[in-house]
Structure formats: C-alpha cells, structure tokens
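# Structural overview
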Amino acid sequence: MKKDFPIFKNKINGKKLIYLDSAATSQKPQVVIDAILEFYKTYNANVKRGLYPIAEKATEKIGKVRQEVAKFINAINPEEIIFVRNTTEAINLVAYLVSHNIKREEGIITSTMEHHSNFVPWQQLALKKNADFLVLDIDENGFLDLDSGIKNYELRIKSAKIFAVAHVSNVLGTINPIKDIIKKVKEINPNILVLVDAAQSVPHLKVDVQDLGCDFLAFSGHKMMAGTGIGVLYGKKHLLNNMQPFMFGGEMIREVNIENTTFADLPHKYEAGTPDIAGIVSLGAAIEYLNSTGIENIQKHDNRLIKYALQKMEKIEGINIYGPRDLDRRSGVISFNINGVHPHDIAQVLGNMGICIRAGHHCAMPLHKRLGIPASARASFYLYNDEEDVDYLIKGIKEVKNIFSLI
Amino acid sequence: MDNLYIEEILEHYREPLNFGKLDKFDTSSRQLNPFCGDDMEIFVRFKNNAVEDIGFVGKGCAISIASASILTDYVKGKTKGELTKFSEKDMLSLLGIEVSETRKKCALLALAVLKDCF
Ligand SMILES: Cc1ncc(COP(=O)(O)O)c(C=O)c1O
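Summarised in this report is the structure supplied together with it. (Residues numbered from 1 in each chain as written. Chains lettered and ligands numbered in written order. Predicted model: local features only at pLDDT ≥ 70, side-chain atom pairs only at ≥ 80, totals over all residues. Heavy atoms only, no water.)

### Some remarks on the overall build of chain A
- Across its full length, chain A holds 13 helices and 15 strands.
- The C-alpha atoms of chain A give 22 Å as radius of gyration, which agrees with the globular expectation for 407 residues (22 Å, within 12%).
- Each principal axis of the C-alpha atoms in chain A carries an extent, and together these give about 75 × 60 × 30 Å.
- Buried positions account for 56% of the 407 residues belonging to chain A.
- Expressed as a percentage of contacts within chain A between residues at least 6 apart in sequence, the contacts between residues at least 24 apart total 70%. (Helix = DSSP H or I, 4+ residues; strand = E, 2+ residues; numbered from the N terminus. Rg over C-alpha atoms; globule rule 2.2 N^0.38 Å. Buried < 20%, exposed > 50% of the residue type's maximum accessible area, 1.4 Å probe, protein only. Contact = heavy atoms within 4.5 Å.)

### Some thoughts on the overall build of chain B
- Each helix and strand in chain B was counted, giving five helices and three strands.
- Secondary structure elements of chain B occur, N-terminal to C-terminal, as α-β-β-β-α-α-α-α.
- Over its C-alpha atoms chain B spans a radius of gyration of 13 Å, differing by no more than 12% from the 13 Å that the globule rule assigns to 118 residues.
- Taken along its principal axes, the extent of the C-alpha atoms in chain B is 45 × 25 × 25 Å.
- Counting across all 118 residues of chain B, residues that qualify as buried make up 47%.
- Once local pairs closer than 6 in sequence are excluded, the contacts in chain B between residues at least 24 apart make up 59%.
- For chain B, the centre of its 16 positive side-chain charges and the centre of its 19 negative side-chain charges are spaced 5 Å apart. (Lys, Arg positive; Asp, Glu negative; His and termini not counted. Charge placed at Lys NZ, Arg CZ, Asp CG, Glu CD.)

### Quick notes on the interface of chain B and chain A
- The interface is formed by 18 residues belonging to chain B together with 17 residues belonging to chain A.
- In this assembly, chain B packs against chain A so that about 1300 Å² is buried in total across both faces, 50% of it on carbon and sulfur atoms.
- Three residues stand out in chain B for area buried against chain A, namely B:Tyr5, B:Tyr13 and B:Cys36, and they jointly supply 33% of the buried area on that side.
- Across the chain B-chain A interface, the total number found is one salt bridge.
- Measuring nitrogen to oxygen at the nearest pair gives 2.8 Å for the salt bridge that ties A:Asp345 to B:Arg103. (Buried area = accessible area lost by both parts, 1.4 Å probe. Salt bridge = Lys/Arg side-chain N within 4 Å of Asp/Glu carboxyl O.)

### Side note on the environment of A:Ile355
Residues and elements named next belong to chain A.
- Position of Ile355 among the secondary structure elements: in strand S13 (residues 355–356).
- For Ile355, a relative accessible area of 0% puts it in the buried group.
- As a C-alpha pair, Ile355 and Gly340 span 15 residues in sequence and 21 Å in three-dimensional space.
- If we skip the residues at most four places from it in the chain, Ile355 touches Ile18, Leu20, Leu350, Tyr392, Leu393 and Gly396.

### Let's talk about the sheet that holds strand S2 (residues 38–47) of chain B
All names here are of chain B.
- Taking strand neighbours across the sheet as the criterion, the three strands line up as S1-S2-S3 in an open arrangement whose pairing is antiparallel. What marks the edges here is a single partner per strand, and that holds for strand S1 (27–33) and strand S3 (50–59). Strand-to-strand, the axes of this sheet are offset by a mean angle of 15°, without reference to chain direction.
- Of the pairings in the sheet, the one linking S1 to S2 comprises seven bridges and is antiparallel in character. Along S2, the bridge assignment pairs Asn33 with Asp38. (Pairing = 2+ DSSP bridges. Axes fitted to C-alpha atoms, helices over the stretch in contact; angles between N-to-C directions.)

Below you can see the structure in the form of structure tokens.
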C-alpha cells in the first residue's frame, strides 16, 4: 500500500519515514496528487459562471464529487452535502444556524471526550445565549456514558435543542455506538438535533447517515487522503432549507435587488464565494481510492494493527495506555504515557529516529483533565501503515526508556 | 537536534537543582504552558537587591525542567539589574543545546516565570 504514497519514497533527514500521525492528517496517494495536478493543468476555471468548456468541466466535476460524497455516506440527496473547509468550520456553521432559532430554556449537550472543535463552539453558544450546557461524561472504558446521563439529566436532555457528539475519539480511539446513542436520545427528546463529529470515523469505517439517524455530520477531507482545505457538512434537507445562510456574497444568491436578496437553493445557499475547487477534486479522487480499497478492509487493517501494537506495548514496563480494551470497538488510535517521561520528550526522541507521533493534549483538554493527565503521546494508524511501522514504534519507546535510564 | 538529550540535560531533569518551595521568599510566580501542560512556579528571596535564594516546583518535560534547574542556579547572587538584562537568547546559550522552534517554549518557560517575579 505504501507504494501508492510518494512521500514514503523519500528519506527524511536520511531516515525512513515512519508516519504514525494520521489522526492529525493523512498522507496522499499519487492518484489524489495527480487529480489536483490535472485540474490545474487542464481545466482550471472558476465554477458556475463560465460558459466555456473548461469552466463547464470544472462545474460538472464539483457536481459529480458532491454525488460521490453523498453516496459515500449514504445521504439521500447530494444537496445535503455542503462543502466547507474542514470539520471545525462545519460544526461552527451548525452552531451559527442553531443560534438563530434556539429558544430560551433550550439547552446544548456535548461530552467530555470531544475535540475542542466540537466543544468550544457549543460552550461559547451556551454562554452567549445563557443556555443550559450539559457535558456528558465517559465511562471507565472511554465510551460515552449515556445511561448515567439519562438517569441523572433526563429533564435537561428533554429540553435540549442540540446534542453534539464524536463518533470516534481522536485520543482514545473509542468507537461510540452512535446509532444506539442517537436512538436513545431521540426517544427522550424527538425534537433534539444531533450533530455527529465524524472527523475520525468517515476516513476509517463505514458511515451511513440514514442508518445512524443523525441530523448533521461533519468531517474533513485531509484526514481521508484529500487535500487540506476541503471538508463536508451533511445536513438533512428540510433542516438546511429552513435555516438562514451564514455567509453572504457570490454564488449563493438567486436575485439581488437594491432593497433585498433572494438566496440560491441548497447546497449553494451555504457555499458563498469561490470554493476550494482543487480540494473538491482531491476529495473525489480520495473517495474513489477509498472505494477501490474498501472501507471495511481499512477498518479490518486498522484493527489488526492496533491489536499487534497493543499486544507489544502492554509488555513494556511503566507504560500507561488509554482507551477501550475491547479492541473491536476501537479505531486506529493509541494514546499512552511512559512513567517519568513527558510526552513531548517521547515524541522528540521518536522524531529524531524518523518516527512521527504526536504529543500534547490533542485538542482535547477536557478529556485529559478527565483522565487526570496533562498530556499524552499518540500513535495513530491508517491503511498505509504496517507491522514494520509498529516494530519501529516499539523500538522507539524502548530507546526513550534507554535515554531516560528507565530500564 | 539529535543531541538534545545530552547527559547534562538529563541529569538536571532527573535531579534538578533548587527544586522545592522556599520557606521564606519575597516574591513568586506561576505559569502554565498550555501547549505541553507544563506547570512551573518559582520563589525568590532577595538580599541587597540580589538573589539570595531561589527555588522552583513544577511538572514538565526534560527541557523545561533542565532549563529551570540551570537558570535558578545561574541567577543566585545576581542583581535585579543583571536579571532584567538577561535575555531569551542568553537563556538558550546558557542551556547549551540547540532547541527547535516548537521546543523553545519549553526552554524559555523558567525564564518567563522568573521575569514575572519582579
Ligand atoms: C474528532 C475530531 N474532531 C474535529 C477535528 C478537527 O478537524 P479539522 O482541524 O480538520 O477541522 C479533529 C481533528 O483533529 C478531530 O480529530
């Protein structure tokens, strides 16, 4: 698989690249890079406005990718796919839309396991609207603890406007049983809107928005082998139709008069200005690549690697590993600490060996506080990783212990 | 970069000098480095306008703890005037290792806390 990704052909500072940070961003296969090049080389034009062949080709391409994205997450209608910059922008867009029709007494619910992107927008909205802000806890295995939440806060769930929750945790790797969670929450409050942060799930497992029953779903192209700068917001058509646009300007209007403006239909209503055309093209190529590999195969592959890695890591003395032990409900993320060594020192020693992992709070400070640690080191896997990468990781961890005289 | 973890730095990390709170101090300051989750507090006692004793407590990576150890040892006996002039560049050369842009925050945390003390 590595052969499809040109970055692995080069040595970095004379060392082989061992890339274990795909939860932050993924590497790009040649076919994605080629698609971007082909766009700029052969049909670069602004979309929708032009009546000449390359503009028509670019416009058609965007429509096609929108259909492919819709199919990929099983949305009913391509108009439900809004192109944005990334997950963060998608979530902020929903927070903005909700801010217009949230009533007094209506609360906002999220959880301690969220990435800051799915936490701070809601916290800030709650502060601005003086709305009830309920943060659901996790259980000791790292799953969203909905049952305690329902037991303790049923009334607050009943009166909430929106529930924003991660499908897969970027720190713990937890795969939340999101379909079941949505069902339970909607049984208590049929009117609640549910937004799923799918930044870590869409690249790694089959996501079907109709099956999940979510109202909104957000993800980033760059974590699924597309370029940086393209992300997706899925929203149910009737909801998006009934909300007010966020940005005004070109491409999103039907008619502009001196006194007033009527807005374009979905999805353009929410896509003001020139889009990231090259980004959309790259997303199309990435989805094609994902489809040809098979998302189920990627999930199996991730799972095999974490099993292999965890089995070896658990044997290392002085290591603390976070997240679910039920490995079938865990995605390709392993966060850990080594007693007596700061995660930044772990990442730096590994970095000097050409092994790329991440250290810090991974944009999840509430979760780290909940775990009672200031930071952690994180290795994450994707389809181009293999057992040899894991062996390097283990070697690196042993070297850390060696340098810090912990053996 | 490969010799960030030279023995001298590691020794300062394992057994930092001046680690601990002073019983009697004139001033103290505490700062967090949200990037790493480092947390450092420094206590200073002056005599005749010079540092008579200094101590620090905190949690952090090897670079930030070693910097605090080396810095607190260096400033003993120095006057407030000398400390005001002591720059970030001076701190990095005192540390004696080449730190990358991202780790500079760690290397300079102790100095920032110390400067905040007066
Ligand atoms: C769970 C989760 N949500 C949101 C984000 C934010 O993604 P982006 O930076 O692409 O907006 C990330 C990325 O790190 C993530 O892992």
